[in-house]
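Chain residues, written in single-letter form:
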Amino acid sequence: MDMDGSIVGPVSPIDFINKLMPISGEHLMKRAPDDVEFDEIPLSWSEMDLCKDFVDRIKGFGISPTYPIFFSADPTDKGVDRPDAVLMEYQDGISANNRRDVCSFDWFHSGLVIEFKRHMEMDPFDTTAQISKAAARSTGADKGKLESLLKLADDSIETFAQLAFYAQEVFSHQHRLHLFQLLICGVTARFLFWDHSGVIVSDRFDYTEQPSLLALYLWRYNHMSAAVRGLDSTARRATPNEAKVFKEAVEEFLENMDNIDHPRRNLLNGAETLSAQYPVYKITVDDDIANKSMNILIQRPLCRSHSPIGPSTRVYLAYAIHERELLLFKDTALCGGDVKLNGERGLTRCLAWAEKMTELPVGFSPDMLELQHHRLLQKLAYPAWLVKNFKDFISAMRDSVKGMNLVRQNCGVVLGNISPGNVMLSAGAAAEGILVDWDLAMNEELSEGQVHQRFHTVRHGKFRSIAMLADPLKAHEALDDFESVFWAVLYGVMHRFDHTNNATILVDMFDEKYPIALPNGAIAYIGGRAKRFALDTLDTGLRFTSLPCKL
């Protein structure tokens, strides 16, 4: 996962606590325990010893009275990646005092994740280098050429990859806007704050010399509201009866998915929707245009992002409670298009902090994308990518071209996000193509300042036109969309249907990319040479076993 340029910091630990972890009400009158002590770490200790001692001390000093701290590392379970310790956020009102003996780990109750490393050298962040970068920026150095806050050592990169993986798993299993982490490396500690724009990192400090700082961080987390901890207030755990209704509706759908009414379609990961590793949530989706709300039930996403940072989309099989029907629910945080829908958040905490840090004498603020949060409900449809019939696939892609042309002619809008994955097939008996992701659509006429943002909006690099791959600052036009349909069709039929061609270039050309630096210092990727070569010079001899079909 590429997260270069997504780290904000370093922030002083006390500023981190005061600005990102506010408390209110009766908690303002309470104080964190001031008798907390942490001893020097014996040289013979392993990371497991360090973690166990830490957990025992937190329990003994009563720093985490609301959420029990759980020693989750299991050295015998080699096949499962999990954090060393975590504060478990139970929602049933039972306090930590009655949950001293938590015996199992799961991601959907995980709150504050804590990771331990035996040596300070495994800290992934380079604070000293960061200060020098800030000094370079103050003298007029090119910010785009400044190095990342991340260290390049293998151990450091591995630590950051672990932290990112934990963040992604929490985001995937829960409905959160942000989350907190604690990193312990030897006798030093760092605080981390993740949202989809990036991660805010505190300066590290010696917690054996400043134990009250670490105690305050944990105590504050225990007394913050759910919203401050990052939980989405529009998502609630479903009641047992609601979960039963959802289960029955999905089971009936899965049983009928391959029946005589629609034998040619499939829904990827449909059977995994009812995974016991994910709780059933009840979510309220607001329709600002119709001025009404709809309550839906969802469980495991059909697809999700594999990075906690950057554009991300989760798609769910959803059950509308009042309407009593199954729908598709799309929860996405992407670079907003020009066609504005019900965007809930345009400025994340990481991005807001990054903008403030540009004026500070120390600390580095990377260029970060502004992400718009959308929630969309649509009628049940199947990805054209997964159709079982060649004719249905071509028919769906043809319908997408018709739809794009009509919208362009009548509204002056282009989609700019073509792939086999955003062309759907209707749930009825007729094979009708449906083009989705119109929340990313853009005006065909772009100002010069919009072009770079649109480069990030056109997510599917595999299917970009040759002209756009050659020049990432090129304005996106309707012809680019139509060419993208050609590449999407070629990619789809080569991966889904039997053919006689063995030329690897027809597969490799979709992943061709070369990094270049843009005028503003950002890194972009160009390509298209292999696509051009395939069109101009290669006699592919591509033949399919399917007979020609009349559309």
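For clarity, every value in this text was computed on a predicted model and none was experimentally measured. (Residues numbered from 1 in each chain as written. Predicted model: local features only at pLDDT ≥ 70, side-chain atom pairs only at ≥ 80, totals over all residues. Heavy atoms only, no water.)

This part is about the overall build of the protein. If you tally the helices and strands in the protein, you get 14 helices and 21 strands. By residue count, 52% of the 551 residues in the protein fall in the buried class. Sequence separation of at least 24 residues holds for 71% of the intrachain contacts in the protein that already meet a minimum separation of 6. If you sum the accessible surface of the protein, you get close to 25,600 Å²; carbon and sulfur atoms cover 52% of it. (Helix = DSSP H or I, 4+ residues; strand = E, 2+ residues; numbered from the N terminus. Buried < 20%, exposed > 50% of the residue type's maximum accessible area, 1.4 Å probe, protein only. Contact = heavy atoms within 4.5 Å. Areas by Shrake-Rupley, 256 points an atom, 1.4 Å probe, with all protein chains shown as cover.)

In this section: the sheet that holds strand E17 (residues 423-426). Spatially, 3 strands are ordered E15-E17-E18 in an open sheet, and the strand pairing comes out antiparallel. Either end of the sheet is taken by a strand with one partner, and the two such strands are strand E15 (381-383) and strand E18 (433-435). Taken over all neighbouring pairs, the strand axes of this sheet differ in orientation by 40° on average, direction set aside. Relative to E17, helix H9 (residues 390-411) is tilted by about 115°, and along the sheet it contacts E17 and E18. (Pairing = 2+ DSSP bridges. Axes fitted to C-alpha atoms, helices over the stretch in contact; angles between N-to-C directions.)

Our focus in this paragraph is helix H7 (residues 240-256). In this model H7 runs 25 Å from its N-terminal to its C-terminal C-alpha over 17 residues, within 8% of the 24 Å that 1.5 Å per residue would give. Within H7, the full set of buried residues consists of Glu242, Phe246, Ala249, Val250 and Phe253. The buried residues of H7 occupy one face: seen down the axis, they fall within an arc of 95°. Facing away from the buried side of H7 by more than 90 degrees, the exposed set consists of Pro240, Asn241, Glu252 and Glu255. (Expected span 1.5 Å × (residues − 1). Arc of directions from axis to C-beta.)

This structure, assessed with the given rule, holds 22 aromatic pairs. Among the aromatic residues, those joined into a ring-pair cluster are Phe16, Tyr67, Phe180, Phe191, Phe193, Phe205, Tyr217 and Tyr221. One cation-aromatic arrangement involves arginine 529 over tyrosine 514; the distance from NZ or CZ to the ring centre is 4.6 Å. (Phe/Tyr/Trp six-rings, centres within 6.5 Å; stacked < 30°, edge-to-face > 60°. Lys NZ or Arg CZ within 6 Å of the ring centre and 35° of its normal.)

When you line up the elements, glutamate 89 lands in the loop between strand E3 (85-88) and strand E4 (110-117). At a separation of 2.3 Å, a polar atom in the side chain of glutamate 89 contacts the side chain of tyrosine 221. Polar side-chain contacts of glutamate 89 include one of 3.2 Å to the side chain of arginine 229. Beyond its immediate stretch of four places on either side in the chain, glutamate 89 contacts Tyr67, His109, Gly111, Leu112, Arg176, Tyr221, Arg229 and Leu231. (Polar contact = N/O pair within 3.5 Å; in protein donor to acceptor, adjacent residues only side chain to side chain.)

Our focus in this paragraph is H9. A rise of 1.5 Å per residue sets the reference length of H9, with its 22 residues, at 32 Å; its end C-alpha atoms lie 32 Å apart and thus fit the reference within 8%. Of the positions making up H9, those classed as buried are Phe390, Asp392, Phe393, Ile394, Ser395, Ala396, Met397, Asp399, Ser400 and Met404. On the buried face of H9, the contacting elements are E17, E18 and helix H12 (478-496). Trailing H9 by a residue or two, glycine 412 shows a phi angle of about 65°, which is positive.

This part covers the pattern of salt bridges. This model, assessed by the stated rule, comprises 18 salt bridges. Residue arginine 314 pairs with aspartate 331 through a salt bridge whose shortest N-O separation is 3.7 Å. Of this pair, arginine 314 sits in strand E12 (residues 312-320) while aspartate 331 is found in strand E13 (residues 325-335), placing the two residues 17 residues apart along the sequence. On the basis of relative accessibility, which here comes to 12%, the residue arginine 314 falls in the buried class. Residue classification places aspartate 331 among the buried residues on the basis of a relative accessible area of 9%. For lysine 462, the salt bridge goes to aspartate 511, with nearest N and O atoms at 2.4 Å. Remark: aspartate 511 occurs in the loop between helix H13 (505-508) and strand E20 (514-517) and lysine 462 occurs in the loop between helix H10 (451-457) and helix H11 (466-470); sequence separation between them is 49 residues. (Salt bridge = Lys/Arg side-chain N within 4 Å of Asp/Glu carboxyl O.)

In terms of nonpolar packing, the biggest core is built from 40 residues, with Phe16, Phe54, Phe180, Leu182 and Tyr217 touching the most fellow members. Elements with a minimum of two residues in this core: strand E1 (7-11), helix H1 (13-20), helix H2 (47-61), E3, E4, strand E5 (179-185), strand E6 (188-195) and helix H5 (211-223). Top contributing element to this core by residue count: H5, with 7 residues. If we skip the residues at most four places from it in the chain, phenylalanine 54 touches Phe38, Ile69, Ile114, Phe116, Leu182, Ile184, Leu214 and Leu218. Core analysis: the next-biggest nonpolar cluster, separate from the first, contains 27 residues, Val423, Leu425, Met494 and Phe497 among them. (Core = buried A, V, L, I, M, F, W, Y, C linked by side-chain atoms within 4.5 Å.)

Judged by how many residues are buried, E1 sits mostly within the fold: 5 of 5 residues are covered. Pairing analysis gives 3 bridges linking E1 to strand E7 (residues 198-202), with the strands arranged parallel. Note that in E7 the partner of isoleucine 7 across the bridge is valine 199.

Viewed as axis vectors pointing N to C, H9 and H12 meet at an angle of 170°, and their least axial separation amounts to 11 Å. Between H9 and H12, the interaxial angle falls into the category roughly antiparallel. Where H9 approaches H12, its residues Phe390, Phe393, Ile394, Met397, Ser400, Val401, Met404, Asn405 and Arg408 are matched on the opposing element by Ala478, Asp481, Phe482, Val485, Ala488, Val489, Gly492 and Val493. Its residues assigned to classes, the contact of H9 with H12 shows 12 nonpolar, 3 polar and 2 charged. (Parallel < 35°, antiparallel > 145°, perpendicular 65-115°, else oblique. Nonpolar A, V, L, I, M, F, W, Y, C, P; charged D, E, K, R; others polar.)

Before going further, it helps to examine the pairing of E3. The side-chain alternation of E3 yields two buried faces, one formed by Ala85 and Leu87 and the other by Val86 and Met88. Alignment of E3 against E4, held across 3 bridges, turns out to be antiparallel. Residue pairing in the sheet places alanine 85 in a bridge with isoleucine 114 of E4.

Turning our attention to the packing of H1 against H5. Contact pair H1 / H5: the axes reach a minimum separation of 11 Å and the direction vectors enclose 15°. In this view, H1 runs roughly parallel relative to H5, as classed from their interaxial angle. You can see that H1 and H5 cross each other, and the crossing is left-handed. Contacts from Pro13, Ile14, Phe16, Ile17 and Asn18 of H1 reach H5 at Leu213, Leu216, Tyr217 and Arg220. For the contact of H1 with H5, a count of residues per class yields 7 nonpolar, 1 polar and 1 charged. (Left-handed = near helix turned anticlockwise from the far one by under 90°.)

Our focus in this paragraph is the confidence of the model for the protein. The pLDDT averaged across the protein works out to 75; a share of 70% of its residues lies at or above 70. Per-residue pLDDT, averaged within each element of the protein, yields its smallest value for helix H3 (residues 127-138) (43) and its largest for E5 (94). Overall, residues 129-147 carries pLDDT values under 50, and its contacts beyond four positions in sequence, including any with other chains, amount to 29 contacts. Confidence over residues 447-459 falls short of pLDDT 50; this stretch has 39 contacts with residues more than four positions distant or in other chains. (pLDDT = per-residue confidence, 0-100.)

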